[in-house]
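# Geometric and topological summary
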Amino acid sequence: MGWDQAAGLRQWANGEAQDCPAHVAETLVELAAAGGNGTARAPAKPASTARVSTHRATDTGNRVPDTGSAVTLMVLGLPGTAERHTARVTELLQSWASEGRRWVGDPRAWRIVALPISSPHLPVLATQQSQWALWVDDDLEAFRRGYRLLKQIDEQGGPRRLIAVHPPGVGRQGLLTNLQYVAEAYFGIELLVLAR
């Protein structure tokens, strides 16, 4: 990633980002200026019913022993619900499995469900489903979108614990650490970051 996150945060602190409160942007500018080492331990109105698609991972290489049962992962923040969007999460699971993260098991056994944040079913599903994730992209608008999604999750009674899923190769420093901090400090949401 060749962009300066601190510069983007300074723009927000100067009032150019209307959807991010100034005190949040100022705190993040301080974190970025300190080298991004701040680590926080992770502890709207509904629209019409949205179409939800699911995707099972496809075999793309090394096989990990099958766990025998599918694990459903509800994902908020994907740009769409089509298979090409859910495949991005599967790609990350495959990357984690190839890194030796045994808890992933067989990436093909995961049932990825992309749920739009505007779904009127979000509060009910939050009580019924145990595995939730927040998709965090790696572009210049990623923090702004992530902040907005966390705010909507909080306002709409969404899940209180999520795992950060993102394109493979995104590191912990900067974006993910800042979103983790904001999730905990401003919304009381535990955002688990597994990136190294």
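These lines cover the structure that appears in this document, whether it is placed above or below. (Residues numbered from 1 in each chain as written. Predicted model: local features only at pLDDT ≥ 70, side-chain atom pairs only at ≥ 80, totals over all residues. Heavy atoms only, no water.)

## Some remarks on the pairing of strand S2 (residues 71-76)
So the rule is basically this: Three labels apply to residues, based on accessible area from a 1.4 Å probe with only protein chains included: buried if under 20% of the type maximum, exposed if over 50%, partly exposed otherwise in between. By the criteria applied, helices consist of DSSP H or I runs no shorter than four residues and strands consist of E runs no shorter than two, each listed in order from the N terminus. For two strands to pair, DSSP has to find at least two bridges joining them. Convention used here: a crossover is right-handed provided that the path from the first strand, over the helix, to the second strand proceeds clockwise when the strands point away from the viewer.
The buried count for S2 comes to five of six residues, which makes it a mostly enclosed element. Taken together, the five bridges between S2 and strand S3 (residues 110-114) define a ladder with parallel strand orientation. Across the sheet, the residue bridging to valine 75 is alanine 114, located in S3. For the segment spanning S2, helix H3 (residues 83-98) and S3, crossover handedness is right-handed.

## A closer look at the pattern of salt bridges
Where charged atoms from two side chains of opposite charge come close, those side chains can pair. Let me state the cut-off plainly: By salt bridge we mean one thing: a side-chain nitrogen of Lys or Arg within 4 Å of a carboxyl oxygen of Asp or Glu.
Inspection of the entire model under this criterion finds seven salt bridges. Across the salt bridge formed by glutamate 99 and arginine 101, the nearest N and O atoms sit 3.3 Å from each other. Looking at arginine 101, the relative accessible area reads 11%, which means it is buried. Measuring nitrogen to oxygen at the nearest pair gives 3.2 Å for the salt bridge that ties glutamate 141 to arginine 144.

## A short note on the packing of aromatic side chains
To keep it simple, the criterion reads: Ring geometry is summarised as follows: Phe, Tyr and Trp rings, the Trp one being its six-membered ring, pair when their centres sit within 6.5 Å, and such pairs are stacked at plane angles under 30 degrees, edge-to-face over 60 and tilted between the two.
Enumeration according to the criterion identifies four aromatic pairs in this entry. Pairing tryptophan 96 with tryptophan 103 gives two aromatic rings, centres 5.6 Å apart and planes at 50°, and the pair type is tilted. We classify tryptophan 103 as partly exposed; its relative accessible area is 44%. Judged by centre distance (6.2 Å) and plane angle (80°), the ring pair of tryptophan 103 and tryptophan 110 falls under edge-to-face.

## Examining the nonpolar core
Quick note on the threshold: Here, nonpolar core means buried Ala, Val, Leu, Ile, Met, Phe, Trp, Tyr and Cys residues that are tied together by side-chain atoms lying within 4.5 Å of each other. When checking whether two residues touch, look at their non-hydrogen atoms; a contact exists if any pair is within 4.5 Å.
Among the nonpolar cores identified, the biggest contains 30 residues, and Leu76, Trp132, Leu134 and Leu162 are the most heavily contacted of them. Residue assignment for this core shows that the elements contributing at least two residues are S2, helix H4 (122-128), strand S4 (132-135), helix H5 (142-155), strand S5 (161-165) and helix H6 (172-187). Residues in contact with leucine 162, not counting those within four places in the same chain, are Leu76, Trp132, Ala133, Leu134, Ile153, Ile189, Glu190, Leu191 and Leu192. With 16 residues, the next largest nonpolar core counts Leu73, Leu92, Leu93 and Ala114 among its residues.

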